[in-house]
Every structure is written in C-alpha cells, then in structure tokens.
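# Fold and contact review
Each chain is listed here by its residues.
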Amino acid sequence: PSAPTGMTKQVDLGQYMTPAWAARELWEAHFSDIGLADSVLEPTCGDGRMLQAIPECIPAIGVELDPSLAEQARVRTGRLVIEGDILSVDLPRFN
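Here the structure is a predicted model, which means the values were calculated and not measured.

Turning next to the pairing of strand β2 (residues 60-64). Counted residue by residue, β2 has 5 buried out of 5 residues, so it is predominantly covered. Residues of β2 alternate between two faces, with Ala60, Gly62 and Glu64 on one and Ile61 and Val63 on the opposite face, all of them buried. As paired strands, β2 and strand β3 (residues 81-83) are joined by 3 bridges and run parallel to one another. Its bridge partner lying in β3, Val63 is registered against Ile82. Since β2 and β3 lie parallel, the crossover through helix α4 (residues 67-77) that links them has a hand, and here it is right-handed.

Here's what the structure looks like:
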C-alpha cells in the first residue's frame, strides 16, 4: 500500500494542527513559569506552532513523524526537529 496523502494522511496519523493563537494562549496560561533552567520536548510538533510559542531563550526541540511537517516546523522555528516516532527516536541531551 502507498503512504497516506492529504486528508487521509491527516486522519491516519491523527494530525490536528494547533493554531498559532491557541499555542500562544496555551503557553501563557499553562507554561509561562518555564524558565531558562528548563527544557521543553514537543513530542508531536506537527508544523511547529507550539514550538513557535516557546520563547527563543528556552531550550526546546520537537519530534515529528511526518517529514514534510518536520521541515515546516524547522523553518518556522529555527529549532531542532527530529523526524521519527517519539517512541523510538534517539533524543539528544539538552545542555
């Protein structure tokens, strides 16, 4: 069978992108106490909206199964985004 495409791919992989406004609101409401001594792992980062909401001074990396979304997240955020399944990828150590 061929790889899923379009909406089929979104449904098959459970891809539901967080809008930028919602990512910002979630960060402010629930994660604004995370500081420079902390690190963030976004295990299913999609197109990178949640990574984008994290202040640049806070170390953060993403993991994304879909290579095209992983690239979008990299371009959008300038952060490390690992392609693969969060359950099996090798994660780097945060500094």
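On we go from here.
So, about the nonpolar core. Trp27, Val40, Leu51, Ile54 and Val81 are the most contacted members of the largest nonpolar core, which has 13 residues in total. Considering each element in turn, this core owes the most residues, 3 residues, to helix α3 (residues 49-53). Apart from residues lying up to four places away in sequence, Leu51 is in contact with Glu42, Cys45, Ala60, Ile61, Gly62, Thr77, Arg79 and Val81.

On to helix α2 (residues 20-31), then. Spanning 12 residues, α2 covers 15 Å between terminal C-alpha atoms, matching the ideal 16 Å at 1.5 Å per step. Residues of α2 that are buried in the fold lie against β1 (40-42) and α3.

Turning our eyes to something else, we now look at the pattern of salt bridges. In total, this model carries 4 salt bridges according to the counting rule given. Close ionic contact of Glu71 with Arg74 constitutes a salt bridge, the shortest N to O distance being 2.9 Å. With Glu71 and Arg74 both in helix α4 and 3 residues apart, this pair spans about one turn of that helix. You can call Glu71 partly exposed: its relative accessible area is 41%. For Arg74, the salt bridge goes to Glu83, with nearest N and O atoms at 3.2 Å. Judged by its relative accessible area of 42%, Glu83 falls in the partly exposed class.

Analysis parameters
Residues numbered from 1 in each chain as written. Predicted model: local features only at pLDDT ≥ 70, side-chain atom pairs only at ≥ 80, totals over all residues. Heavy atoms only, no water. Buried < 20%, exposed > 50% of the residue type's maximum accessible area, 1.4 Å probe, protein only. Helix = DSSP H or I, 4+ residues; strand = E, 2+ residues; numbered from the N terminus. Pairing = 2+ DSSP bridges. Right-handed = clockwise from strand over helix to strand, strands pointing away. Core = buried A, V, L, I, M, F, W, Y, C linked by side-chain atoms within 4.5 Å. Contact = heavy atoms within 4.5 Å. Expected span 1.5 Å × (residues − 1). Salt bridge = Lys/Arg side-chain N within 4 Å of Asp/Glu carboxyl O.

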